[in-house]
Amino acid sequence: MERRRLGRTDMDVTALGFGGSEIGYEGVSQSVATRLLNAALDAGLNVIDTAECYADSETLIGRAVSGRRLEFHLFTKVGHAGGWDREDWRPPGILKSIERSLERLRTDAVDLVQLHSCSERVLRRGDAITALETAKQRGLTRYIGYSGDGAAARYAVETGRFDTLQISVSIADQEALEAVLPIARERGLGVIAKRPVANVAWRSRSRPPASAYHRAYWERLRTLDYAFLARPLDETVATALRFTLSVPGVHTAIAGTSKPERWAQNARRVDAGPLPAVEFEAIRARWRERAAPDWTGET
């Protein structure tokens, strides 16, 4: 699989990375997680991204592949040690959470710790960033980053204190392409694309419930009405994933799954390379034509 240098870090990352949210939130068994992750590593993947709040994700990953730690780059996130709906940006809490993550992941250090979708107000206060810098000085992580969207993401880049940015980039989420990614490229940040296939929201024939994670993307895609979405599902997912990886400045796209066979499918899609320029520009033109002003990055 193609590898790209992650900004100014020393990491050459595979274009496709593994996202650990599904294996945590969907209650995947340890045997399935072990089979899935080892198959991905065997196939050449070298990025695993997770978070403290993804239920048992860190524990599953640690048990599955800690014995192969030198074969991959390991990323996690902090700020929600008690769960997604319980933020804690206090430095002692952040440092304690990182130490707990290392125990769960069965490693002495991770390659990247990211602040997980904190607000611009929290970023401007500065102490949460300082906590990550302290963790880096203590050798708990090699690099630090910000994961989030919109104005907070842009401010995070502008601080000059982060090594990487994880941000939503997809056929249904393109605000970052003009608002954030140009300055991230200028500053040399490594860019990790999250939600790269827009949760495959177009599969749903009827409107998802308001509480559904992919509801906003489903509604956007109805308006965007890309012609290629009428093709078979395998083709549409491939086009969506290749679009994200064709965006200038994106180094790796994090795709989650709880199904072992899905990794191989996504790897084959990525192997096809970037979208032809004419297809990429057609998707961008459609977005410019139909996207509403309030279609901001979805966390």
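Residues numbered from 1 in each chain as written. Predicted model: local features only at pLDDT ≥ 70, side-chain atom pairs only at ≥ 80, totals over all residues. Heavy atoms only, no water.

Chemist: Sorry, what's going on with the packing of helix α11 (residues 233-246) against helix α12 (residues 260-271) here?
Modeler: Axis angle and axis distance: for two packed helices, these are the angle between their axes and the distance between the axes, and together they describe the pair. At their nearest, the axes of α11 and α12 sit 9 Å apart, and the two run at 60° to each other. By the criterion of interaxial angle, the relationship of α11 to α12 is oblique. Between α11 and α12 lies a crossing whose hand is right-handed. Every residue of α12 that contacts α11 at D234, V237, A238, L241, R242 and L245 is listed here: N266, R269 and V270. Along the lines of polarity and charge, the residues of the contact of α11 with α12 split into five nonpolar, one polar and three charged. (Axes fitted to C-alpha atoms, helices over the stretch in contact; angles between N-to-C directions. Helix = DSSP H or I, 4+ residues; strand = E, 2+ residues; numbered from the N terminus. Parallel < 35°, antiparallel > 145°, perpendicular 65-115°, else oblique. Left-handed = near helix turned anticlockwise from the far one by under 90°. Contact = heavy atoms within 4.5 Å. Nonpolar A, V, L, I, M, F, W, Y, C, P; charged D, E, K, R; others polar.)

Chemist: Is there a simple way to explain the packing of aromatic side chains in this structure?
Modeler: Here the distance between the centres and the angle between the planes together describe a pair of aromatic rings. Per the counting criterion, the structure on display carries five aromatic pairs. Geometrically, the ring pair formed by Y226 and F228 is stacked, given 5.3 Å between the ring centres and 25° between the ring planes. When the ring of F243 is compared with that of F280, the centres are 4.9 Å apart and the planes differ by 25°; the resulting orientation is stacked. Separated by 37 residues along the polypeptide, F243 in helix α11 and F280 in helix α13 (residues 277-290) bring together distant segments of the chain. (Phe/Tyr/Trp six-rings, centres within 6.5 Å; stacked < 30°, edge-to-face > 60°.)

Chemist: What is the right way to look at the layout of surface pockets in this model?
Modeler: Taking a probe equal in size to a water molecule and rolling it over the atoms shows the remaining empty space. Roughly 1,100 Å³ of internal volume is contained in the largest pocket. Along the wall of the largest pocket there are 38 residues; nearest its centre are S21, E22, N199, Y213 and G256. For the lining of the largest pocket, the secondary structure elements donating two or more residues are α1 (21-25), α11, β10 (252-256) and α12. With four residues, α12 is the largest single contributor of residues to the lining of the largest pocket. The residue inventory of the lining of the largest pocket, partitioned by class, reads 13 nonpolar, 15 polar and 10 charged. Looking at the second largest pocket, its volume works out to about 210 Å³. Contributing to the lining of the second largest pocket are W202, R203, S204, R205, W218, L221, R222, D225 and L229. Residues belonging to the lining of the second largest pocket are distributed by class as follows: four nonpolar, one polar and four charged. (1 Å grid on protein atoms, 1.4 Å probe; cavity = no way out; pocket = protein on both sides within 12 Å on 5 of 7 lines; lining within 4 Å. Points joined across faces, edges and corners; volume = space filled by probe spheres on them.)

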